[in-house]
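What follows is the residue order along each chain.
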Amino acid sequence: MSARFLVVAMMVTPLCMLFKGWRGALWLKRNRRYLGVAAFGYVLLHTVFYFIDKSSVEQVLSEAPRFYIWTGWVALGIFLPLTMTSMDYFVRRMGRNWKTLQRFVYPAAILTLLHWAALHNWHSPTAALVHFGPLAILELFRIGFWLRQYKLRTFNMVKGAENE
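Described below are features of the structure shown in this document. (Residues numbered from 1 in each chain as written. Predicted model: local features only at pLDDT ≥ 70, side-chain atom pairs only at ≥ 80, totals over all residues. Heavy atoms only, no water.)

**Regarding the environment of K29**
Argument step 1. Mapping K29 onto the fold places it in helix 2 (residues 23-54).
Argument step 2. Judged by its relative accessible area of 46%, K29 is partly exposed.
Argument step 3. Remark: the alpha-carbon pair of K29 and A136, spanning 107 residues in sequence, is separated by 18 Å.
Argument step 4. If we skip the residues at most four places from it in the chain, K29 touches V12 and C16. (Helix = DSSP H or I, 4+ residues; strand = E, 2+ residues; numbered from the N terminus. Buried < 20%, exposed > 50% of the residue type's maximum accessible area, 1.4 Å probe, protein only. Contact = heavy atoms within 4.5 Å.)

Okay, here's the thing in structure tokens:
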């Protein structure tokens, strides 16, 4: 559930760009922070059940070098400051730096995808890809949109300089 909430929260901006004025995307945009916090809540629940399953710190530490384990721990480490600073107070206090910090969600999402796929020994990464595939497609759309905007601005600046 954590990865699903994460994917939905990350899909908001590209959906708003793709479907301008669509009320569903606007609702998601207003509630994106709640989706991110819910994702973290499920991460914590997942971690608690992991500790219960392993029943000892020694066993948890012995598994730490495994790829599917350390990717999860690093993703959790990234999610922690993102969640802790998700309150309006921190948004105001941090200013522009808040948005810079929140961009760390992208490496956390990649680590989450790798954690999920590696957890199933790479034999069946289909579920992870099905969940992250739409996000990847929307992010490619977003990158393409910004590249087109950049080219248009550059072209208009060059054209404006030639007319002077």
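Next comes the rest of the description.
**Thoughts on the nonpolar core**
Argument step 1. Ranked by internal contacts, the top residues of the largest apolar core, which has 31 residues, are L6, F79 and F132.
Argument step 2. If you list the elements that add at least two residues to this core, you get helix 1 (2-18), helix 2, helix 4 (67-84), helix 7 (105-119) and helix 8 (126-163).
Argument step 3. Among the elements that line this core, the one with the most residues is helix 1, at 9 residues.
Argument step 4. Excluding anything up to four places from it in sequence, F132 contacts A3, V7, A109, T112, L113 and W116. (Core = buried A, V, L, I, M, F, W, Y, C linked by side-chain atoms within 4.5 Å.)

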